[in-house]
Amino acid sequence: MMNVIVAGESGIGKSSLINLIADQQPARTSSDSVVCTVAPESYSVRIDGHDFLLWDTPGFNEGLTDSPRTNYSAQLHSFLRRMSFEGKIDLLLYCIPASRAKMAMVNNYRAICSVVPPTTPIAAVVTHLERHPGQMEDWWANNGHDLGSLGMNFVGHACVTTLPASGTRVLPSSIYERVAESRKALRSLIRRVCLPYCISPSVVAFPSSPLSLYESTQTEFEVILTQDT
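Please read these numbers as outputs of a predicted model, since none were measured by experiment.

J.: Is there a simple way to think about helix 1 (residues 14-22) in this case?
T.: Taken across its nine residues, helix 1 has nine buried, putting it largely inside the fold. Lining the buried residues of helix 1 we find strand 1 (2-8), strand 2 (41-47), strand 3 (50-56), strand 4 (91-97), strand 5 (122-127) and helix 5 (173-194).

Here you go:
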């Protein structure tokens, strides 16, 4: 069982991100300022035949405006330290908004790096791209370099929307397409980082029979012989 931790500021859509990856609604979400996640919670998800635990975490600075004040960020840091000590972080997804890089975004990244080993794979997930002009991936082409110049380095990225595809609201077909595209991008990112030597069954075409495999191999062998002569 591999562990994927989802981290980011409050209201970035971490719980919705987990629901998107799982293609169901295990994590509680909220559209207002009510705190949804006050302690790390895990959800089991299966990707390409492999089991993962997706960890929803409190947002940075979450709870500091509550009365009484509760610093949930301290709980997040404690959780990351414990998981790091136990060697249980296979991937950390750092969620950032589709806006210009802010100092808070950089500080949160540094806070993560201060409590996890330097070898911990951290990937960026850019959210709130449902209305982005052009392709969602265009955001990274235009802004990815700026993140690197600020000292934020990632093993990979995904540009997504975390809008729920189900519910009472009727969304434009283009949004549904982006939701499906986002789910595919996120699951691919997780598989690529956590299972670098595992080929996805969805991209493998197996021969219909042993004979077809023999014929294919024989053809390739004949081509090599022809080239050598």
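Text resumes after the structure shown.
J.: Can you walk me through the packing of aromatic side chains in this structure?
T.: The description of an aromatic ring pair uses the distance of the two centres, along with the angle that the planes make with each other. Under the criterion given, the structure shown has five aromatic pairs. On the numbers, 5.5 Å between centres and 70 degrees between planes, the contact of Tyr109 with Phe154 is edge-to-face. Pair noted here: Tyr109 is in helix 3 (residues 103-113) and Phe154 is in the loop between helix 4 (138-149) and strand 6 (157-159), with a separation of 45 residues, a long-range link. Taking relative accessible area as the criterion, Tyr109 reaches 8% and is therefore assigned buried.

J.: Honestly, the pattern of salt bridges in this entry has me stumped. Any pointers?
T.: Two side chains carrying opposite charge are able to pair once their charged atoms lie near each other. Per the stated rule, a full pass over the model turns up four salt bridges. Between Asp51 and Arg46 there is a salt bridge, with its nearest N and O atoms 2.6 Å apart. Asp51 sits in the partly exposed class, given a relative accessible area of 34%.

J.: Got a minute to help me understand the packing of helix 1 against helix 5 in this structure?
T.: Packed helix pairs are specified by the crossing angle of their axes together with the interaxial distance, meaning the distance between the axes. Relative to each other, helix 1 and helix 5 sit at 85 degrees, their axes nearing to 9 Å. Relative to helix 5, helix 1 is oriented roughly perpendicular. Here helix 1 contributes Leu17, Leu20 and Ile21 to the contact with helix 5, which in turn contributes Val179, Ser182, Arg183, Leu186, Arg187 and Ile190. Looking at side-chain class alone, the contact of helix 1 with helix 5 contains six nonpolar, one polar and two charged residues.

J.: Would you explain a negative patch on the surface in this entry?
T.: Together, Glu137, Asp138, Glu177 and Glu181 make up a region of like negative charge exposed at the surface. Mapped onto the elements, Glu177 comes out in helix 5. With relative accessibility at 54%, the residue Glu177 sits in the exposed group.

J.: Help me understand the environment of Leu76 in this model?
T.: Secondary-structure assignment places Leu76 in helix 2 (residues 72-85). When the C-alpha atoms of Leu76 and Ile112 are compared, they prove to be 9.3 Å apart, with 36 residues separating the residues in sequence. Every residue in contact with Leu76, bar those within four places of it in the chain, is listed here: Thr57, Pro58 and Phe60.

Criteria and cut-off values
Note that residues are indexed from 1 along each chain, following the sequence as it is written. Local features in this predicted model are restricted to residues whose pLDDT is 70 or higher, and side-chain atom pairs enter the listing and the counts only when it is 80 or higher, whereas totals over whole chains, interfaces and linings include all residues. The side-chain numbers reported here are obtained from all heavy atoms of the structure, hydrogens and water having been left aside. The rule is simple: take the accessible area with a 1.4 Å probe, protein chains only, and divide by the maximum for that residue type; under 20% is buried, over 50% is exposed, in between is partly exposed. Runs of H or I in DSSP of at least four residues are treated as helices and runs of E of at least two as strands, each being numbered from the N terminus. Whether two residues are in contact is decided by their heavy atoms: any pair within 4.5 Å suffices. Centre distance within 6.5 Å is the pairing criterion for rings of Phe, Tyr and Trp, where only the six-membered ring of Trp is used; planes under 30 degrees apart are then read as stacked, over 60 as edge-to-face, and the remainder as tilted. A pair is scored as a salt bridge if a Lys or Arg side-chain nitrogen falls within 4 Å of a carboxyl oxygen belonging to Asp or Glu. Axis geometry follows a simple rule: fit a line to the C-alpha atoms, using only the stretch in contact for helices, then measure angles between N-to-C directions, giving values from 0 to 180 degrees. Any angle that is under 35 degrees is reported as roughly parallel, and any over 145 degrees as roughly antiparallel; angles of 65 to 115 degrees are reported as roughly perpendicular and all others as oblique. Note on residue categories: nonpolar means Ala, Val, Leu, Ile, Met, Phe, Trp, Tyr, Cys or Pro, charged means Asp, Glu, Lys or Arg, and polar means any other residue, Gly included. Any residue with relative accessible area above 30% and no salt bridge may belong to a patch, with like charges joined within 9 Å and the nonpolar Val, Leu, Ile, Met, Phe, Trp and Tyr side chains within 5 Å. Method for areas: the Shrake-Rupley scheme with a 1.4 Å probe, in which residue coverage is limited to the protein chains shown. His residues and chain termini do not enter the charge count, which takes Lys and Arg as positive and Asp and Glu as negative. Positions of charges follow a simple convention, taking NZ of Lys, CZ of Arg, CG of Asp or CD of Glu.

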